[in-house]
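So the chains spell out like this:
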Amino acid sequence: MKCKGSEEAALVLEDGTVFRGCYFGEPRVSIGEIVFTTTMNGYPESLTDPSYKGQILVMTHPMVGNYGVPSKNLIHKPSGLPLHYESDSIKVEGFVISRLTKPSHWSSVMSLDEWLKRESIPGLHFVDTRMIVKKIREEGVKMGAIVPADEIESALGKISNVPRYDEVDYISQVKPKVPIAHGEGETVALIDCGVKYGIVRELTERGLRVLRIPCGEKIEKFSDEIKGVILANGPGNPKIAAERYKVTEAARAAVEYGFPILSICLGHQLLNIAFGAQVYKMKYGHRGVNKPVKDTDSKCYIVSENHGYAIKPETVNRRMFKHWFFNPDDRTLEGVVNYEKKIFSVQFHPESSPGPHDTRWIFDMFAKAVKEVK
Ligand SMILES: NC(=O)CC[C@H](N)C(=O)O
């Protein structure tokens, strides 16, 4: 294969499968769990989503990069955070696409290629992403590496030399070091294991002051100043967040205090684990902005998702929670609720970013509950 103006490279899977293509971004070796997203756009948001730490993201949409990269200086007023970014930098370990296109958009300040170069993240294009997806869908997620063409032979050794995705603590790389506050209004504590900015944007828009507490700190310290708790998203195996960062203890404390609780994705998994449920690793997860969820009244919503683990529905603590949402395609559990205690817990991302706004009303419900706290 001839790569015009860039180096030949490949994605090598841990079973030895090789997908040859061309580098863009930073031409370097990168190793991670290979996952795919079916979203058609929203790559600035997806690439900066801290929940992707440790993963090489394959995007199924055939052409990527056509609207370039928006400015970080476009700020969301209530939170003070950038509008189109989900954290301060790219979090994926690598980005695999079919075709990289030149940007043409009024809001673009640089190309996708340039952005990845600036952040030292490798990209690979001119590969058959459909083939990668078919393989992962049939066989499950795998570890893999993006390597230059002359290092294909040694790639398997490199992959086996690094710890597997499920065993690594990625939270330490994305959680804040000190508490950070955003917005004005009633204060809510957000357990931050690598929160997506979109969650903070939605909360501050509803008149809440969001105090981001580094994952691992006790909420007891803040109990006098807060009126609600958010258990947010985050990367990696939820068992690490539970065991090393004791988020399950924070979840139980939040329930004991009687705070309204909103838990999202990793937060949803941890809340359920805290009350006895079991978590499992899915074959290839749900990642995209076109995922259906159905509530128990049979209303269907299209939502944004990024998760590789899920809660076994039959293990949910039914004295505490009612099943709330299911994925109608594969029957995975997508949410639990306790209306009396004002606990709203979803596996999907109501903030979208990127994705449809169908379920942003969940933030309205939570904000209302917080404002009703005496
Ligand atoms: N977006 C998230 O919070 C992801 C949660 C968890 N790391 C998973 O993959 O299931």
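Refer to the structure above for everything that follows.
Reading the values: rules and limits
Residues numbered from 1 in each chain as written. Predicted model: local features only at pLDDT ≥ 70, side-chain atom pairs only at ≥ 80, totals over all residues. Heavy atoms only, no water. Pairing = 2+ DSSP bridges. Helix = DSSP H or I, 4+ residues; strand = E, 2+ residues; numbered from the N terminus. Axes fitted to C-alpha atoms, helices over the stretch in contact; angles between N-to-C directions. Contact = heavy atoms within 4.5 Å. Buried < 20%, exposed > 50% of the residue type's maximum accessible area, 1.4 Å probe, protein only. Near = heavy atom within 4 Å. Polar contact = N/O pair within 3.5 Å; in protein donor to acceptor, adjacent residues only side chain to side chain. Areas by Shrake-Rupley, 256 points an atom, 1.4 Å probe, with all protein chains shown as cover. Core = buried A, V, L, I, M, F, W, Y, C linked by side-chain atoms within 4.5 Å. Domains from an automatic or database assignment. Salt bridge = Lys/Arg side-chain N within 4 Å of Asp/Glu carboxyl O. Parallel < 35°, antiparallel > 145°, perpendicular 65-115°, else oblique. Nonpolar A, V, L, I, M, F, W, Y, C, P; charged D, E, K, R; others polar. Disulfide = S-S within 2.5 Å.

Caption draft 1: Just the sheet that holds strand S19 (residues 279–295), in detail. One open sheet holds the ten strands; their spatial order is S14-S16-S15-S17-S18-S23-S22-S21-S19-S20, and the pairing between them is mixed. Two strands close off the open sheet at either side, each with one partner strand: strand S14 (180–182) and strand S20 (300–311). Neighbouring strand axes in the sheet, compared pairwise and without regard to direction, differ in orientation by 25° on average. Two elements, S19 and strand S21 (residues 322–326), share two bridges in a ladder whose sense is antiparallel. Looking at the pairing, Asp-295 lines up with Phe-325 of S21. In the packing of helix H6 (residues 197–205) onto the sheet, the strands contacted are S14, strand S15 (186–192), strand S16 (208–214), strand S17 (229–231) and strand S18 (261–264), and the crossing angle to S16 comes to about 150°.

Caption draft 2: Just the pairing of S18, in detail. What you see with S18 is no split at all: Ile-261 and Ser-263 on one side and Leu-262 and Ile-264 on the other are buried throughout. Bridge count for S17 against S18 is three bridges, and the pairing is parallel. Bridged to Ile-230 within S18 is Leu-262. Judged from the four bridges that link them, S18 and strand S23 (residues 343–346) form a sheet pairing that is parallel. The residue of S23 that forms the bridge with Leu-262 is Phe-344.

Caption draft 3: Inspection of the site of the ligand at higher detail. The immediate surroundings of the ligand are formed by 13 residues, with Gly-236, Cys-265, Gln-269, Asn-306 and Gly-308 found nearest. Within the contact set of the ligand, a nitrogen atom lies 3.1 Å away from a side-chain nitrogen or oxygen of Ser-51. Contact between the ligand and His-349: a nitrogen atom at 3.3 Å from a side-chain N or O atom of the residue. Contact with the protein chains removes 99% of the 300 Å² of surface that the ligand exposes when unbound. For the shell around the ligand, the elements supplying multiple residues, two or more each, are helix H9 (266–274) and S20. No other element matches S20, which puts four residues into the shell around the ligand.

Caption draft 4: Molecular detail of the nonpolar core. Within the largest apolar cluster, 51 residues are counted, with the highest numbers of intra-cluster contacts made by Ile-191, Ile-219, Val-229, Leu-231, Val-247, Leu-271 and Phe-321. The greatest single-element share of this core, amounting to six residues, is contributed by helix H8 (residues 247–257). Residue contributions to this core reach at least three from each of two domains, namely domain 1 (8–167) and domain 2 (171–371). Here Ile-219 is in contact with Ile-191, Ile-213, Val-229, Ala-250, Ala-253, Ala-254 and Tyr-257, once residues within four sequence places are set aside.

Caption draft 5: Geometry of the pattern of salt bridges. Taken as a whole and judged by the stated rule, the model has 24 salt bridges. Where Asp-166 meets Lys-281, a salt bridge forms, and the shortest distance between an N and an O atom there is 2.9 Å. In this pair, Asp-166 sits in the loop between helix H4 (152–161) and helix H5 (171–174) while Lys-281 sits in strand S19, placing the two residues 115 residues apart along the sequence. With relative accessibility at 31%, the residue Lys-281 sits in the partly exposed group. For Glu-351, the salt bridge goes to Lys-196, with nearest N and O atoms at 3.0 Å. Taken together, the residues Glu-351 in the loop between S23 and helix H10 (361–371) and Lys-196 in the loop between S15 and H6 connect sequence positions 155 residues apart. A single burial state applies to Glu-351 and to Lys-196, both of which are buried. Counted as one network, the salt bridges with shared partners bring together Asp-15, Lys-135, Glu-139 and Lys-142.

Caption draft 6: Highlighting the packing of H8 against H9. The interhelical angle for the contact between H8 and H9, taken along N-to-C directions, is 75°, at an axis separation of 8 Å. Relative to H9, the element H8 is oriented roughly perpendicular. Within the contact between the two elements, H8 uses Val-247, Thr-248, Ala-251, Arg-252 and Val-255 and H9 uses Leu-270, Leu-271, Ile-273 and Ala-274. A class-by-class count of the residues in the contact of H8 with H9 yields seven nonpolar, one polar and one charged.

Caption draft 7: Quick peek at the state of the cysteines. Counted under the stated rule, the structure contains two disulfides. Note that Cys-3 is cross-linked by a disulfide to Cys-22, the S-S spacing being 2.0 Å. Classification of the bridge connecting Cys-3 and Cys-22 rests on its S-S torsion, roughly -80°, and on that basis the disulfide is left-handed. Taken together, the residues Cys-3 in the segment before strand S1 (8–13) and Cys-22 in strand S2 (residues 18–25) connect sequence positions 19 residues apart.

Any functional reading would require information that these geometric values do not contain.
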